[in-house]
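One letter stands for each residue in the lines below.
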Amino acid sequence: MADVVVIGAGAFGLSVALHCALRDRSVVVVERTTAGSQASGRAAGLFKSVQADAQRTALARRSVDKVLRFEDWTGVPLDVRRSGSVLIARTGKHKAILREEARRSRAWGVELSETSPAGRAGCYRAEGSELAVWCPEDVYIEEPDGLIQAYLAACRRHDVRILEHEPAVAVTTSGRRVVGVETAHNQIDAGVVVDAAGAWVRQVAEMARGPFPRTKVPVAPFRHQLLITEPTADVLETDPVVRVIDAAVYLRPARGGLMVGVFEADPLPLDPRLQADAFSSDDIPLDLDLLRKQAGLVADEVPLAARAAVAEHRGGLCTMTPDGRFVAGPIPDVPGLWVASGCNVSGFSFSPAIGEALADWIIDGHPSAGLETLGPARFGPVTDEQLIREGAWQYAHFYDSAPN
Ligand SMILES: Cc1cc2nc3c(=O)[nH]c(=O)nc-3n(C[C@H](O)[C@H](O)[C@H](O)COP(=O)(O)OP(=O)(O)OC[C@H]3O[C@@H](n4cnc5c(N)ncnc54)[C@H](O)[C@@H]3O)c2cc1C
């Protein structure tokens, strides 16, 4: 028995579990494989304060604050790199977008300044005509597993039970509400069940059988991939994160080399519901040629990005939503069932704030200001085709989406 059962031990699930435990709820997390083994353990680890709206900016900054002070509120140390970041616009259109974004973000409290990229942008050799915006408050976590292990240690300090290799097979119901979770090995009774199953979030929500409408979580999973080059003297550990907007490329120091991630213009949707039961992130088809071709868009300024020897190439599935915002809140018409998803390639960095806000909502019975707008009911009925089409647009426009 527990007050709360969380399904999925990724960044979202562990953060919700930890924040519920910090408010004295008994919590069990069930994980199909091992904690952090799917999207969360593959992330680039970047935290970005400049966001498209005031709510996401506030949540992003709250998350940065929470990871920088992680030991204060959990008792567990966490290594966070205070690198700062540089946003670079090279076309007229992207300069206008960046100027507008910087103006709005300053109004929401983000510390930003225009800068010469040559002076600030680490491995990026400026051509000279770019607009560069320096954000000193951005951070990253070198290895994504660092945050997962810190969450796990903090969860255990606060008596959260983490059950790995324990897939949820049913969300049990009685009458008109959820009363627990059945796993391959156990039945756990709980009045609150949180679906934080990442790319599997839809089939987990549909495990709730009862007098409910077919439960639909409005997300579509897409592939996202990055590479890390072999170590090189051209990259300094102290270099900032660099994001080049028109190329949709991000760069940061990693293990003595350079991390290069791209947002593909035509991203690959991948639905685990259509795959074998055993499907995992290890089965995602990766495409190094495509990644390097897109990295080639910054080859003049960062020759390394397109041609250095690759030490690691990894990828995972990210849950995209039609409006690019998270899906966090109660599933309508299924009392007791909650969801934390719709990561939009930002769930790693937003997990501290989303976990905190969702736990408060579960326990207090009402959302903190504005959070109700993230609830899964906001889209009304949507088809899978629409989710894929609109999710692909959000993915491809990760750096230049208009404000919602
Ligand atoms: C290459 C890459 C780079 C990224 N870079 C960044 C970044 O720099 N910054 C950022 O903020 N975000 C980044 N992201 C996105 C980030 O990784 C995701 O937003 C985040 O990890 C989502 O967390 P999650 O908990 O929803 O999903 P996951 O980490 O996938 O966790 C879901 C868990 O649920 C489990 N599960 C599924 N079904 C069941 C079941 N039936 N029973 C029990 N457990 C189940 C899965 O095994 C999994 O462990 C990146 C993603 C990728 C792929």
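Computed from a predicted model, the values in this text were never measured in an experiment. (Residues numbered from 1 in each chain as written. Predicted model: local features only at pLDDT ≥ 70, side-chain atom pairs only at ≥ 80, totals over all residues. Heavy atoms only, no water.)

This brings us to the site of the ligand. In the vicinity of the ligand there are 37 residues, among which Glu31, Ser40, Cys343, Gly347 and Ser349 approach most closely. Within the side chain of Glu31, a nitrogen or oxygen atom sits 2.6 Å from an oxygen atom of the ligand. Relative to its unbound accessible area of 1,000 Å², the ligand is 97% covered by the protein chains. Mapped by element, the contributors of at least two residues to the shell around the ligand are helix H1 (11-22), strand E13 (220-229), strand E17 (310-320) and helix H10 (347-364). Ranked by residues supplied to the shell around the ligand, first place goes to H10 with 3 residues. (Near = heavy atom within 4 Å. Polar contact = N/O pair within 3.5 Å; in protein donor to acceptor, adjacent residues only side chain to side chain. Areas by Shrake-Rupley, 256 points an atom, 1.4 Å probe, with all protein chains shown as cover. Helix = DSSP H or I, 4+ residues; strand = E, 2+ residues; numbered from the N terminus.)

Let's shift gears to helix H6 (residues 144-157). Across its 14 residues, H6 extends 20 Å between first and last C-alpha, which sits within 8% of the 20 Å expected from 1.5 Å per residue. Of the surrounding elements, those touching the buried residues of H6 are H1, helix H2 (54-68), helix H3 (70-74), strand E8 (161-163), E17 and H10. With its phi angle positive at about 65 degrees, Asp159 sits one or two positions after the end of H6. (Expected span 1.5 Å × (residues − 1). Contact = heavy atoms within 4.5 Å.)

Here we take up the environment of Ile284. By the secondary structure assignment, Ile284 is in the loop between strand E16 (257-262) and helix H8 (288-295). By relative accessible area, Ile284 is classed as buried at 6%. Considering only alpha carbons, one finds Ile284 and Arg307, 23 residues apart in sequence, at a separation of 24 Å. Apart from the residues lying within four places of it in its own chain, the contact partners of Ile284 are Arg223, Leu270, Phe279, Gly315, Gly316 and Leu317. (Buried < 20%, exposed > 50% of the residue type's maximum accessible area, 1.4 Å probe, protein only.)

All right, on to the sheet that holds strand E11 (residues 187-189) then. Taking strand neighbours across the sheet as the criterion, the 3 strands line up as E9-E10-E11 in an open arrangement whose pairing is antiparallel. Two strands close off the open sheet at either side, each with one partner strand: strand E9 (168-174) and E11. Each adjacent strand pair in this sheet contributes to an overall mean axis angle of 30 degrees, direction not counted. Relative to E11, strand E10 (residues 177-183) runs antiparallel, the two sharing 3 bridges. Note that in E11 the partner of Glu182 across the bridge is Gln187. (Pairing = 2+ DSSP bridges. Axes fitted to C-alpha atoms, helices over the stretch in contact; angles between N-to-C directions.)

This part takes up the nonpolar core. Core analysis: the biggest nonpolar cluster contains 88 residues, and Val194 and Leu358 have the highest contact counts within it. Take this core: its biggest share by element is 10 residues, from H10. Residue-level mapping places this core at the junction of two domains, with at least three residues from each of domain 1 (4-64 + 144-219 + 322-396) and domain 2 (83-135 + 221-315). Sequence-distant contacts of Leu358, that is, excluding residues within four places in its chain, are made with Val16, Val194, Ala328, Gly329, Trp338, Val339, Ala340 and Leu371. Ile7, Val30, Trp200 and Val204 belong to the second largest nonpolar core, which has 33 residues in total. (Core = buried A, V, L, I, M, F, W, Y, C linked by side-chain atoms within 4.5 Å. Domains from an automatic or database assignment.)

Now for the domain arrangement of the protein chain. Where the parts come together, the accessible area they lose is often given as the size of the interface. By the assigned domains, the protein chain splits into domain 1 (4-64 + 144-219 + 322-396) and domain 2 (83-135 + 221-315). Using C-alpha coordinates to define each centre, domain 1 is positioned 26 Å away from domain 2. Counting from both sides, the interface comprises 31 residues of domain 1 and, opposite them, 36 residues of domain 2. With both chains or domains summed, domain 1 and domain 2 bury close to 2,800 Å², and 60% of this area falls on carbon and sulfur atoms. (Buried area = accessible area lost by both parts, 1.4 Å probe.)

Glancing now at the pattern of salt bridges. Tallied over the full model, the rule gives 32 salt bridges. When the shortest N-O distance is used, the salt bridge between Arg62 and Asp65 registers 3.8 Å. Placement of both Arg62 and Asp65 in helix H2 is noted, with a separation of 3 residues, approximately one turn of the helix. The residue Asp323 makes a salt bridge to Arg378 at a minimum N-O spacing of 2.8 Å. (Salt bridge = Lys/Arg side-chain N within 4 Å of Asp/Glu carboxyl O.)

This part takes up the packing of aromatic side chains. Taken as a whole and judged by the stated rule, the model has 12 aromatic pairs. Judged by centre distance (5.2 Å) and plane angle (55 degrees), the rings of Phe263 and Tyr395 are tilted. Of this pair, Phe263 sits in the loop between E16 and H8 while Tyr395 is found in helix H11 (residues 384-396), placing the two residues 132 residues apart along the sequence. Judged by relative accessible area, which is 3%, Phe263 ranks as buried. Relative to Phe350, the ring of Phe326 lies with its centre 4.7 Å away and its plane at 50 degrees, an arrangement referred to as tilted. One end of the pair, Phe326, is in the loop between E17 and strand E18 (327-330); the other, Phe350, is in helix H10, and 24 residues separate them in sequence. The two residues Phe326 and Phe350 agree in class, both being buried. Joined through ring pairs, the aromatic side chains of Tyr250, Phe263, Tyr395, Phe398 and Tyr399 make up one cluster. (Phe/Tyr/Trp six-rings, centres within 6.5 Å; stacked < 30°, edge-to-face > 60°.)

To continue, consider the sheet that holds E13. The strand order across the open sheet built from 8 strands is E5-E6-E4-E14-E15-E16-E13-E17, with neighbouring strands paired in mixed fashion. Since the sheet does not close on itself, it has two edges, and those belong to strand E5 (113-115) and E17, each with one partner. The mean inter-strand angle of the sheet, taken between neighbouring strand axes irrespective of direction, is 25 degrees. With 5 bridges joining them, strand E4 (residues 85-89) and strand E6 (residues 131-135) adopt antiparallel strand pairing. By the bridge assignment for E6, Leu87 is matched with Val133. Contacts from H11 reach E13, E16 and E17, with the element oriented near 30 degrees to E13.

In a pair of packed helices, the angle between the axes and the distance between the axes together describe the arrangement. It is at 7 Å that the axes of H1 and H10 come closest, and there the two elements cross at 40 degrees. Here H1 is positioned oblique relative to H10, judged by the angle of their axes. Considering only the axes of H1 and H10, their crossing is right-handed. In contact with Ala11, Phe12, Ser15, Val16, His19 and Cys20 of H1, H10 contributes Gly347, Phe348, Ser351, Pro352, Ile354, Gly355, Glu356, Leu358, Ala359, Ile362 and Ile363. Along the lines of polarity and charge, the residues of the contact of H1 with H10 split into 11 nonpolar, 5 polar and 1 charged. (Parallel < 35°, antiparallel > 145°, perpendicular 65-115°, else oblique. Left-handed = near helix turned anticlockwise from the far one by under 90°. Nonpolar A, V, L, I, M, F, W, Y, C, P; charged D, E, K, R; others polar.)

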